[in-house]
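Below, each chain spelled out in residue letters.
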Amino acid sequence: MSTAPSPTKDEAPKAEPAPAATPGPWASLRPLVLRLHFYAGVLVAPFLLVAAVTGFLYAGAFQAEKLVYAHELTVAEVGDTKLPISEQVSAARKAHPEGTVSAVRPSPEADATTRVLLSGVKGVDPDHTLAVFVDPYTAKVRGALEQYGSTGALPLRTWIDEFHRDLHLGDTGRLYSEFAASWLWVIAAGGLALWFSRRRALRKVRGTSGRRRTLGLHGTVGVWTAAGFLFLSATGLTWSTYAGANIDELRTSLGQATPSVSTTAGGDHAGHGAAASAGGGEHGVGLDKVLSAARAEGLTDPVEIVPPADAKSAYVVRQIQRSWPEKQDSVAVDPATGEVTDVLRFADYPLLAKLTRWGIDLHTGILFGLVNQIALMALALALVLLIVWGYRMWWQRGRGSSFGRPIPRGAWQQVPPQILVPCVAVIAVLGYFVPLLGIPLAAFVVTDVLHGEIAHRRARASAG
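The sections below set out a description of the structure shown in this document. Everything numeric here is computed off the predicted structure, so don't read it as measured data.

### What to know about the pattern of salt bridges
Throughout the structure, instances matching the rule amount to 10 salt bridges. Here Arg322 makes a salt bridge to Asp361, at a shortest N to O gap of 2.9 Å. Placement of the pair is Arg322 in the loop between strand E6 (315-319) and strand E7 (330-333) and Asp361 in helix H9 (residues 351-363), with a sequence separation of 39 residues. One exposure class covers both Arg322 and Asp361, and it is buried. The salt bridge involving Asp361 is made with Arg357; its shortest N-O contact spans 3.0 Å. With Asp361 and Arg357 both in helix H9 and four residues apart, the pair spans about one turn of that helix. A cluster of three or more residues bridged by salt bridges with shared partners is formed by Arg105, Glu304 and Arg318.

What follows is the structure, encoded as structure tokens:
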């Protein structure tokens, strides 16, 4: 049996070189995401810094409010029996006859005062009310303070709230907070993508120095807090001027708007006996019977009683507890008969209405009380640190006399059309619903393209 001669070393077949690996979609997108993250961070960071500092102050304002206004918020001595609501309102009106009673918040706890809210008071902001604090055991008035919003913010928290929301500049100032919220999620999501695309060895902080250490700190803290920033951005947009209006319109079209109890007084007796005396808040059967009817429907403290708006309207009694578990049930009570004409349970709210309520209360630090507020303060502090580290990285990126060299242009040209076109479509839709994201982004792209064209023409002229 013959055998073929074995090949010599030189004759041995050579392995063919492995074909070059085809870069994935992320390889072409990463420079574009890096450029967007860089410029968004540099340009939006000042607005985020203001939002973070004012948000930190607002989260701490709830506890500060309890200390500053302890005299008005608490009774001198806890008694045995609370007086009828009507007597407490009469005492408040005797001390402050101005304006009209817009709502009453009975004492929710043994040591808490009752709030009688007056609207149309001279010297008080039209959007605010004057809260008169009454001892429920003695009917003595313990003070009066201006109040704002459904959470009952008093002057200190109101001032910080408006500073955070609009810098005390009104509707124009609200653009700053909406601009910050519109871009916060973009920066956070981009940072996450960039961090996890880095090799694990390059993410370390220990044993590093210079720009790499700054990048490590920036990335590590950013990863741990990104979920919080995404949440704050989404919930902040729900009650912003432009994006918030679009979100409300979308919820309404989906049948997910927040419902409200019907305030139309029922029956043939509607309107009879419902007249108030000198804006005192007493209509028809009176506050005590109305509160009793609401209690019978299971509305426990804290509650707010809203008098009828006119002779054809009913009382509205609603729960106002925004901490977990939330109490948001409400009833309408006929002022002529004292009968409940409509009941709305929070359990029956549409899903998006519930999520919006929970999201806003978590964003403002109410949902989980002190723990919620501490978490928000930690997020705000983390955002301040990230901004400082971000600018430091920009500084360290410079060489010699160059300060903060920018990320090179032309990243979008590396993205294949099958990836670029869908991305542009998604960004266009988002920009439509979130205009303070879409408009600045479009302006940046136009400016960048014009700048590149000018630089290109200058280069050609120099070469010629």
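### Digging into unusual backbone geometry
Residue Pro302 is bonded to the preceding Asp301 through a cis peptide linkage, with omega at -5 degrees. Looking at the element boundaries, Pro302 is found in the loop between helix H8 (287-296) and strand E5 (303-306). Looking along the chain, the bond that leaves Trp324 and enters Pro325 is cis, with omega of -5 degrees. When you line up the elements, Pro325 lands in the loop between E6 and E7.

### Examining the side chain of Thr225
When you line up the elements, Thr225 lands in helix H6 (residues 210-238). Of the polar contacts made by the side chain of Thr225, one reaches the backbone oxygen of Val221; its length is 2.7 Å. Discounting residues that sit within four places of it in the chain, Thr225 has contacts with Leu379, Ala382 and Leu386.

Rules used throughout
Residues numbered from 1 in each chain as written. Predicted model: local features only at pLDDT ≥ 70, side-chain atom pairs only at ≥ 80, totals over all residues. Heavy atoms only, no water. Salt bridge = Lys/Arg side-chain N within 4 Å of Asp/Glu carboxyl O. Helix = DSSP H or I, 4+ residues; strand = E, 2+ residues; numbered from the N terminus. Buried < 20%, exposed > 50% of the residue type's maximum accessible area, 1.4 Å probe, protein only. Polar contact = N/O pair within 3.5 Å; in protein donor to acceptor, adjacent residues only side chain to side chain. Contact = heavy atoms within 4.5 Å.

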